[in-house]
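Close look at the chain arrangement
Here is what each chain is made of, one letter per residue.
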Amino acid sequence: MAILEVRNLRVEIPTRRGTLVAIDDVSFAIAEGEVLGLVGESGAGKSLTGAAVIGLLEPPCRVTRGEIRLGGRRIDGLGPEAMRRIRGKEIGAIFQDPLTSLNPLYTVGQQLVETITTHLALTATQARTRAVELLAEVGIPSPEQRVDAYPHQFSGGMRQRVVIALALCANPRLVIADEPTTALDVSIQAQIIALLKRLCRDHGTAVLLVTHDMGVIAETANRVAVMYAGRIAELGPVREVVKAPRHPYTEGLMGSIPAVGHAYERLTQIPGTMPRLNAIPPGCAFRPRCELARARCTAERPELLATGGPSRAACWRHDPAWGEAP
Amino acid sequence: MSPETATPRPLVEARGLARHFDVSAGWLQRALNREPRLTLRAVDGVDFAIAPGETFSLVGESGCGKSTVGRLAVGLYRPTRGSVLFDGADLGSLPTRAERARTRRRLQMIFQDPYASLNPRWRVREIVAEPLKAFGLARGREARERVAELLVQVGLSPEDGGKYPHEFSGGQRQRISIARALSSGPEFLVCDEPTSALDVSVQAQILNLMKDLQAERRLTYLFISHNLAVVHHMSDRVGIMYLGRLVEVSPARELFRAPLHPYTRLLLETIPDLDMSGRERRPVQGEVPSPIHPPPGCPFHPRCPWADARCRAELPRLLPRGAPAVACHGVEEGRLG
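All values reported here derive from a predicted model rather than from experimental measurement. (Residues numbered from 1 in each chain as written. Chains lettered and ligands numbered in written order. Predicted model: local features only at pLDDT ≥ 70, side-chain atom pairs only at ≥ 80, totals over all residues. Heavy atoms only, no water.)

From N to C terminus, chain A includes 12 helices and 12 strands. A compact globule built from 326 residues would reach a C-alpha radius of gyration of about 20 Å, and chain A, at 21 Å, matches this within 12%. Based on the C-alpha atoms only, the size of chain A along its principal axes is roughly 70 × 50 × 40 Å. Relative to its full complement of 326 residues, chain A shows a buried share of 53%. Contacts in chain A between residues at least 24 apart in sequence constitute 64% of all its contacts with a sequence separation of at least 6. The centroid of the 37 positive side-chain charges in chain A is displaced by 3 Å from the centroid of its 33 negative side-chain charges. (Helix = DSSP H or I, 4+ residues; strand = E, 2+ residues; numbered from the N terminus. Rg over C-alpha atoms; globule rule 2.2 N^0.38 Å. Buried < 20%, exposed > 50% of the residue type's maximum accessible area, 1.4 Å probe, protein only. Contact = heavy atoms within 4.5 Å. Lys, Arg positive; Asp, Glu negative; His and termini not counted. Charge placed at Lys NZ, Arg CZ, Asp CG, Glu CD.)

Time to look at helix α7 (residues 156–168) of chain A. Residues and elements named next belong to chain A. Over its 13 residues, α7 extends 19 Å from the first C-alpha to the last, a length consistent with the 18 Å expected when each residue adds 1.5 Å. The buried fraction of α7 amounts to 12 of the 13 residues, a majority that puts the element mostly inside the structure. Taken residue by residue, α7 has G157, M158, R159, Q160, R161, V162, V163, I164, A165, L166, A167 and L168 as its buried positions. On the buried face of α7, the contacting elements are β6 (91–94), α3 (98–101), α4 (108–119), α5 (124–137), β7 (174–178) and α8 (186–203). (Expected span 1.5 Å × (residues − 1).)

Taken together, the 41 residues of chain A in the interface contact 36 residues of chain B. When chain A packs against chain B, close to 3400 Å² is buried across both sides, 54% of that on carbon and sulfur atoms. At the boundary of chain A with chain B, the tally comes to 1 salt bridge. R266(A) serves as the salt-bridge partner of D212(B), at 2.6 Å between the closest nitrogen and oxygen. In this assembly, chain A and chain B are joined by 8 residue pairs in polar contact (both at pLDDT 80 or more). Elements represented by at least two residues in the side of chain A that touches chain B include exactly α7, α8, α9 (214–220), α10 (238–243) and α11 (248–255) of chain A. Counting residues per element, the side of chain A that touches chain B draws most heavily on α8(A), which supplies 8 residues. Here the side of chain A that touches chain B is composed, by residue class, of 20 nonpolar, 12 polar and 9 charged. (Buried area = accessible area lost by both parts, 1.4 Å probe. Salt bridge = Lys/Arg side-chain N within 4 Å of Asp/Glu carboxyl O. Polar contact = N/O pair within 3.5 Å; in protein donor to acceptor, adjacent residues only side chain to side chain. Nonpolar A, V, L, I, M, F, W, Y, C, P; charged D, E, K, R; others polar.)

Moving on: a nonpolar patch on the surface. Together, W27(B), L28(B) and L32(B) make up a nonpolar patch on the protein surface, roughly 400 Å² of accessible area in all. Residue position: W27(B) is located in helix α1 (residues 27–33). (Patch = residues over 30% accessible without salt bridge, like charges linked within 9 Å, V, L, I, M, F, W, Y side chains within 5 Å. Areas by Shrake-Rupley, 256 points an atom, 1.4 Å probe, with all protein chains shown as cover.)

Another aspect to go through is helix α2 (residues 66–73) of chain B. An α-helix turns once per 3.6 residues; consequently, residues spaced three or four apart project the same way. Residue and element names in this part refer to chain B. For α2, the buried fraction is high: 6 of the 8 residues fall into the buried class. Where α2 is concerned, the buried positions are K66, T68, V69, G70, L72 and A73. One or two residues past the end of α2 sits G75, with phi positive at roughly 85°.

All names here are of chain B. Taken together, the side chains of R78, R97, R100 and R104 make up a positively charged region of the molecular surface. Looking at the element boundaries, R104 is found in helix α3 (residues 97–104). Since its relative accessible area comes to 46%, R104 is described here as partly exposed.

All names here are of chain B. Mapped onto the elements of the fold, P131 is located in helix α4 (residues 124–134). Judged by relative accessible area, which is 9%, P131 ranks as buried. Residues P131 and G185, spaced 54 residues apart in sequence, show a C-alpha to C-alpha distance of 9.4 Å. For P131, the contacting residues outside a window of four places in its chain are Q108, L137, R180, S183 and S184.

For the rest of this paragraph, the subject is the pattern of salt bridges. All names here are of chain A. Going through the model one piece at a time under the given rule, you end up with 38 salt bridges over all chains. Residue R173 pairs with E90 through a salt bridge whose shortest N-O separation is 2.7 Å. Of this pair, R173 sits in the loop between α7 and β7 while E90 sits in the loop between α2 (80–89) and β6; the two residues are 83 residues apart in sequence, bridging distant segments of the chain. R173 gets classed as partly exposed once you look at its relative accessible area, which sits at 36%.

Residue and element names in this part refer to chain B. Mean pLDDT over chain B: 89, with 95% of residues reaching 70 or higher. When the criterion is pLDDT under 50, residues 1–6 qualifies, and its contacts beyond four places in sequence or with other chains add up to 0 contacts. Scoring the predicted complex yields pTM 0.87 and, for the interface, ipTM 0.81. (pLDDT = per-residue confidence, 0-100.)

Residue and element names in this part refer to chain A. The biggest cluster of nonpolar side chains holds 99 residues, and the ones touching the most others in it are L4, F28, L112, I164 and L174. Tallying contributions element by element places α7 first for this core, with 8 residues. Ignoring anything within four residues of it in the chain, the contact list for I164 reads I94, V138, I192, L195, L196 and L199. (Core = buried A, V, L, I, M, F, W, Y, C linked by side-chain atoms within 4.5 Å.)

Right, let's get into the packing of aromatic side chains. Residues and elements named next belong to chain B. Tallied over the entire structure, the rule returns 9 aromatic pairs over all chains. Ring geometry for F86 and F188: centres 6.2 Å apart, planes at 40°, overall tilted. Pair noted here: F86 is in strand β4 (residues 81–86) and F188 is in strand β7 (residues 188–192), with a separation of 102 residues, a long-range link. Look at F86 and you get buried, because its relative accessible area is 1%. Its relative accessible area of 0% is what places F188 among the buried residues. Seen from their ring centres, Y242 and Y263 are 4.5 Å apart, and the 55° between their planes marks the pair as tilted. (Phe/Tyr/Trp six-rings, centres within 6.5 Å; stacked < 30°, edge-to-face > 60°.)

What follows covers the sheet that holds strand β9 (residues 237–242) of chain B. Residues and elements named next belong to chain B. Overall, mixed pairing links the 8 strands, which are arranged β6-β7-β8-β3-β9-β10-β12-β11 in an open sheet. The open sheet has two edge strands with one neighbour each: β6 (107–110) and β11 (319–320). Where helix α7 (residues 200–217) meets the sheet, its contacts fall on β3 (55–59), β7 and β8 (220–225), and the angle it forms with β8 comes to roughly 160°. (Pairing = 2+ DSSP bridges. Axes fitted to C-alpha atoms, helices over the stretch in contact; angles between N-to-C directions.)

Moving on: the pairing of β6(B). All names here are of chain B. The side-chain alternation of β6 yields two buried faces, one formed by L107 and M109 and the other by Q108 and I110. Sheet topology note: the β6/β7 ladder contains 4 bridges and is parallel. Within the sheet, the bridge partner assigned to L107 lies in β7 and is F188.

Have a look at this one:
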């Protein structure tokens, strides 16, 4: 059964000049032990989707339609106090910058113990033992000593390990990782990805991995949702989406990533830029940049359609009527 | 004709280049706590040469000194030791003001962050025209026409000259930076992580533009990046830096096909696998040590699976091995294979 189920999610930002739709009719599900990648470029709505799930949308952003279910139970309408109990206990969070997710005035041990005793029925001594175990599990050398160190005494990579330990300390069913490796050097990035993968496999945790980096997705995720202008353009197994993209945007995106082992003079270029939220065109949001666009693409917005492969894409060319109509 | 005409004279050459920074506490603090002075050896003896029309890339992780080399190469920093030769002349000891200006207009820089490198209070046309004014190359109508041409060349329109930087997206701002860098008609551009702040589809547009401009104007690039795939796409030759030193310099093809230095090998392991071959990558163990207290001997030995007693004691020199050059005792002794 799906741990997380998001159905027809819509997030709006009311502004003085009218209401902007930041996330428009987004649906996906994540099963136990599965890593779902949410990939897209700046402003595509991927981080906002993560924030909506965890109940951390900053006002005036708000969910105006759709439902979010965690283990079958609706959590989108819960009050702030109920959401606070779910965060940390049932949903863990890992953010991009480990320095801002840790409190500089407390030792990492104090922060771990606080989180553990808040969510689990353990005494302070038991919690401390658990904290040391967790630090060992995320690969911090000599955890018995390091548990009493402050965040600034750790390097960037080690700090991110502490953040992962914090996210996992109450054995959550879902972890939301928003750009967890973006602030790290490449060699450290690989270490953190390997760690995240191993921990989630061992604990059966579902992961929503939000990132702009297709490489991280390819290495980590089981399935991937490609977001464009607040909508899901393509959803499918990682291998399929990377190797045989079915949406023209994903195709362009994959072609624009330079890869080692391929020699080419020029990279594929998608003309233009992603529309701003106040200027999303009617019909398919990608239509103005799409070489295949036809009249129907302006008139109607495509749903996620079956593509003949395991992935689904929001593109009319996968509609059986595409071959006939002009 | 001298026999040297076979290999063209390098346009840019670094010789024993070093730059140290004093990172000590104030003298009173030091006196009270009996602390010694602390020196950060950001760049510590780097040699390379870049031929005209070539793209030479520097790769490494944060703090390896690659950006400092870039700044030294255009004269933004003065070297602590060694020198940068541009077209045969030492950048640090150009005798007259006029000669310095003549040389400087031939080298320019593109920075990483297009939000910080453009003055928000200036219109785009003023930004792009600044080098023209600073070097007295054009003024009035001629300058305006040159700016309009440059904007078109980088894929903007002449009307964009009247706008302010905040009216543009990140990719468009990087185009403005490029137009500014090109306005003095330089031959050599230092590009310090020019696409790291951009989305991949925008990155592709900028990289394509840089290649087109290089072909049109026969530009020479010093390209600085931590992204190995981008470096692979852009470079003719690559230098891998670790803790202020070059550990391997090699033609791009050979480097990616057959890396020699253990650090290069491990870096290549970290490239995400977009071919989905299912290859498990072996992450590099450990982290980069502090450049204030670099380890003795080979700076990479604490992370190197092949390190032995010699590596822990003696600093390896960059030695040629065919076309590539590598600084590793293990490679020199043939024990890495």
